[in-house]
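Secondary and tertiary structure notes
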Amino acid sequence: MTEDCASFFSRKRLEDRLVDTPIDESQVRHVAQLARLKLSDDEIRQHTVDLVAILGYVEQLSELNTDGIAETTHPLPLCNVLRDDEPQPSLTPDQALANAPQKRDTFFGVPKVLNQEGG
Amino acid sequence: MSALKRSMTEPGITFRTIIGLEVHVQLRTKTKLFCGCLLEFAALPNSLTCPVCLGLPGALPVMNREAVRLAIRLGKALNCTIADFAKWDRKSYYYPDLPKNYQISQYDKPLCQEGWLDVPGEDGVGRVGIQRAHLEEDAGKNIHDTPGCTLVDLNRTGTPLLEIVTRPDLTSADQAYAFCTELQKLATYLSVSEGSMQKGQMRFEPNVNLAIVRDGIEYRTPISEIKNLNSFKAVRAAIEYETRRQLQDWMADNSYLFGERPHENRGWNDGRQVTELQRSKEQAHDYRYFPDPDLVSVEVGRNAALQGELNRPIDELPVARCLRFQAEYGLSANDAETILAERATADLFERAVEAGAPPKVAAKQFVNVWSKLANEYRRSIAELGIEAKRIGALAKMVEQNTVSASAAKTVAAAMLDSTDGPDFLAEQLGLIQVVDEEELAKWVDAAIAANEKAVQTILTNPKKAKASEGFLRGQVMKISSGKADPGRAGELIAKRVAGLKDQED
């Protein structure tokens, strides 16, 4: 961490930024729920502070003038990395299921899904 | 049901149905979208997976060029703009059939944008706007009906899909049905998809709501999305049901309105023929799309194979070819459509015509003779492997009355087991049509003598006379082992029966 970075994360500056930040505890709870994370109230508070710090740090990027610079979706100077439609060997069912906590025949077994609807 | 129907006819109320469709079409590649695992239906569960399919740490996806090419081909046929720049995004959600916990899809930069598909209907052709068509990977399969746990098969994981999203331009269940069948025709015709419904290669999700007008004021019902339909019939039945259901719900409660009630996800219960509200999630979907760092962009203009696909002229499409078959060859719409059901068969038909087959006769033989043989062998006509030249020659023989249409069936069957021409085979089978008047008279007389009842019917019951004449003609064909010319046999039967009548009078 550079000197600037360290000062950026100082407690005082963090607390200043909390005031006008868009991230609050309810949003952290929402994201935790989406990520299936069970967090205590203390953890929610801590993550809120941490996320504010991280977002604030990244926010510094907005100080740069990016007019006329093309949108970047990937840091690599590559495109069209394509392969031929040729089969490659698959794993055997035994290999595929090697780490499965539960299996039936060659199926993975998972706890019963009640809401039978995917994404 | 009766209550629903009654509500449809309430006076003073008019309504229209607004339908948009999302269709998943499985692309016809040998291997998956991001790995080299084979695509095979009904294989041993979890026998076609690899670290990419299983979402194991460190596994890296690599795009299948063929899938992108097929997507470009279908996108072009749907009159879409093919993007210069398309990218991949992660759509995150948790479900056991999705081992990575995200699906690789295209969010804000889909490969195909803004097109349309013309759909024939009763009131002429209707144009349905296509909002977008993007590539994505399929998920695995969950099996819920086992006791104690849910079973997961990841063979299907990573299957290349093109998701086609229409504008809400469709106005009826019938039109939606026609759109889906037309899209299947197009996709199979262009070899973009096998289009098999049995294998689940096309899946449909209609979005349906109503615009109801009462006393000059328009009310809109909440949109319901009917999930994962896998047959054309289900698409039609589900939309018809939703139309009635939404109208009834609005009549019962006028606050059942778009904006006031949530968007509904509904499942189709095929046994009961109803849609059922699916338990809505506690929280609205929040897929947190973001660019997939493992995959770089698709830039069609910078890849020769993709650019080549883009530049290739679009093949003559089924609708245009069907009209041309009618205009150029004088085929009926039905015959043209039957022949066009499969592209290789339509190509074979045209080659037979080029080889000298009279088109109308050849078409009748495709519909009545070749398709039946093909069915028997569970193949398409083209897959029977008969050369266009021999198919053409048989049609010519029928046109010239060398063999009867019924004898041609026997000759056609013989052609399957032989490389000989139909003329040689007909000769061998003794099916060359006899023009000898004397012999024909013998057969006709024999048929009349053996079927007095039919003759009586012709004489006494004008309503059934036609049918009985046809029956006698069939008997002549039978007695002659197919060698009689049915047209001339018919004439002679009429003459003889008329003679009998004169005698009686």
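Before any of the text, the structure's been laid out above.
We now turn to the structure provided with this report.

A short note on empty space enclosed by the protein
All names here are of chain B.
- In total, this model carries two cavities of 30 Å³ or more according to the counting rule given.
- Put simply, the largest cavity is a space of about 60 Å³.
- Arg 73, Lys 76, Leu 190, Glu 309, Arg 312, Pro 313, Ile 314 and Asp 315 are the residues that line the largest cavity.
- Of the volumes computed, that of the second largest cavity is approximately 40 Å³.
- Every residue lining the second largest cavity is listed: Lys 32, Phe 34, Cys 35, Val 52, Cys 53, Glu 137, Thr 157 and Gly 158.

Here we look at the nonpolar core
Residues and elements named next belong to chain B.
- Formed by 69 residues in total, the largest nonpolar core has its most connected members in Leu 111 and Phe 179.
- The biggest single contributor to this core is helix H4 (residues 173-189), with eight residues.
- Once you skip the residues sitting within four places of it in the chain, Leu 111 turns out to touch Val 68, Ala 71, Ile 72, Thr 81, Ile 82, Ala 83, Ala 86, Gln 106, Ala 133, Leu 135, Val 298 and Val 300.
- Among the nonpolar cores identified, the runner-up in size contains 41 residues, and Ile 339, Leu 340, Ala 363 and Ile 386 belong to it.

Some points on the pattern of salt bridges
Residue and element names in this part refer to chain B.
- Evaluated as defined, the whole model comprises 44 salt bridges over all chains.
- With a shortest N-O distance of 2.6 Å, Lys 100 and Glu 137 are connected by a salt bridge. Placement of Lys 100 in the loop between strand S4 (89-92) and strand S5 (102-105) and of Glu 137 in strand S7 (residues 124-137) is noted, with a sequence separation of 37 residues between them.
- A cluster of three or more residues bridged by salt bridges with shared partners is formed by Glu 66, Arg 69, Arg 73, Glu 309, Arg 312, Asp 315 and Arg 343.

Thresholds, definitions, all that
- Residues numbered from 1 in each chain as written.
- Chains lettered and ligands numbered in written order.
- Predicted model: local features only at pLDDT ≥ 70, side-chain atom pairs only at ≥ 80, totals over all residues.
- Heavy atoms only, no water.
- 1 Å grid on protein atoms, 1.4 Å probe; cavity = no way out; pocket = protein on both sides within 12 Å on 5 of 7 lines; lining within 4 Å.
- Points joined across faces, edges and corners; volume = space filled by probe spheres on them.
- Core = buried A, V, L, I, M, F, W, Y, C linked by side-chain atoms within 4.5 Å.
- Buried < 20%, exposed > 50% of the residue type's maximum accessible area, 1.4 Å probe, protein only.
- Helix = DSSP H or I, 4+ residues; strand = E, 2+ residues; numbered from the N terminus.
- Contact = heavy atoms within 4.5 Å.
- Salt bridge = Lys/Arg side-chain N within 4 Å of Asp/Glu carboxyl O.

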